[in-house]
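# Secondary and tertiary structure notes
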Amino acid sequence: MSKTNIGKKVYFSSEQQIEKLKRDGLIIPDEKHAKRRLKWEGYYNFAVGYNRLFKEKNKRYRKGVTFAHIEALFDFDKRLREIVYEATQQVECNIKEMLSDVFSKYYGVDERLYLQEKNFTPDPKEAQNVRWIIGTCKAALTASCKAGAACYRDYVAYYAKTYKHVPFWALIRTLTFGNTSKFLRLLKPADGQEIAREYGVSYNELCNLMELAVCFRNIAAHGERTYCAHLPTVRLTQGLPVLPKLQLPKRQDGTPMYGNNDCMALFVALKYLLPAAAFNDYFSRLRLEIENLEKALPSFAFHRVLYEMGLQGSWKKLDIMGK
């Protein structure tokens, strides 16, 4: 697609796309390969989505920038999404186990008993949200038991048919990561704190870390640009002991410039949300990808990537820092 003289978009063939990139100053040694990548990845998603680091203010590519440079950044971000998705998937599995253990211990295994408002936060401001999460759980149970339906789950239907009730450890598997995070936030404070102690944080901190993980999980799952993602509303809680050790640059008012709503914030969250061995594995993979990217990009572009990700200060030592 391209702008016409009146500002509208028009269709560009793959040949025209290549010519436009070349007119803008991009070096393309292998046009056949470039056309193939643009065909499968999409001109907007590939070229337009990842070209801003390589352009001057006049929107022309900086001298010496090649198609391979954009390709390297695109492929790096793809592998970053894989790391983020896998890590947050493990976080989801872990928190569901923690929730099911505590909730079942105190409120039983029959949904008619555990799905009651009295088993959740007594905060009147959250009453509507409590009713909503209970309704969401009941709807998930109903849908899971309908044979042939898109949401049918044989393990839920088995419990309902065989035992006439569905234990919470089965129900929670039907909830999305986002709804699981909301369920966590609506627990009784004492129940929430019992779970939070397993992570070495307060209950409020755990809810914040989980919400941040959910947001990045959604970004990765939908194939959106991840390296430069900055969450619009969620901010990492600033009371975590590891944050001062990172020595992140601060603004004049003392607030951190990085590690708020960027990839740095996510990896700080994962340090608390994952077992140490699992986090170290994911972080080692990230570090290797960044080392390879440094070899593939011009210096100006590589340092811009680190800036966008919030990887500043002593970020490379995050895996060996104590929590």
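Every value quoted in this text rests on a predicted model; they were computed, and no experiment measured them.

### Re helix 3 (residues 43–50)
The complete set of buried residues in helix 3 reads Tyr43, Phe46, Ala47, Gly49 and Tyr50. In the core, the buried residues of helix 3 are packed alongside helix 1 (14–23), helix 2 (31–41) and helix 4 (67–107).

### Considering the packing of aromatic side chains
Scanning the model with the defined rule gives 20 aromatic pairs in all. Residues Phe46 and Phe74 carry aromatic rings whose centres are separated by 4.8 Å and whose planes lie at 45° to one another, so their mutual orientation is tilted. Remark: Phe74 occurs in helix 4 and Phe46 occurs in helix 3; sequence separation between them is 28 residues. Of the aromatic side chains, those joined through ring pairs into one cluster are Phe103, Tyr106, Tyr107, Tyr114, Phe120, Phe168 and Phe183. The lysine or arginine in question, Lys55, covers the ring of Tyr61, its NZ or CZ lying 5.0 Å from the ring centre.

### Things to note about the side chain of Arg37
Note on placement: Arg37 falls in helix 2. Of note is the side chain of Arg37, whose polar atom sits 3.1 Å from the side chain of Asp75.

### Quick notes on the pattern of salt bridges
In total, this model carries 21 salt bridges according to the counting rule given. Between Glu86 and Arg285 there is a salt bridge, and its shortest N-O distance comes to 2.9 Å. Remark: Arg285 occurs in helix 14 (residues 276–296) and Glu86 occurs in helix 4; sequence separation between them is 199 residues. Classification of Arg285 by relative accessible area gives partly exposed; the value is 28%. For Glu126, the salt bridge identified is with Arg185, shortest N-O distance 2.9 Å. One end of the pair, Glu126, is in the loop between helix 5 (111–114) and helix 6 (127–144); the other, Arg185, is in helix 9 (residues 177–185), and 59 residues separate them in sequence. Residues joined by salt bridges that share partners form a network here, namely Arg37, Glu41, Glu71 and Asp75.

What counts as what
Residues numbered from 1 in each chain as written. Predicted model: local features only at pLDDT ≥ 70, side-chain atom pairs only at ≥ 80, totals over all residues. Heavy atoms only, no water. Buried < 20%, exposed > 50% of the residue type's maximum accessible area, 1.4 Å probe, protein only. Helix = DSSP H or I, 4+ residues; strand = E, 2+ residues; numbered from the N terminus. Contact = heavy atoms within 4.5 Å. Phe/Tyr/Trp six-rings, centres within 6.5 Å; stacked < 30°, edge-to-face > 60°. Lys NZ or Arg CZ within 6 Å of the ring centre and 35° of its normal. Polar contact = N/O pair within 3.5 Å; in protein donor to acceptor, adjacent residues only side chain to side chain. Salt bridge = Lys/Arg side-chain N within 4 Å of Asp/Glu carboxyl O.

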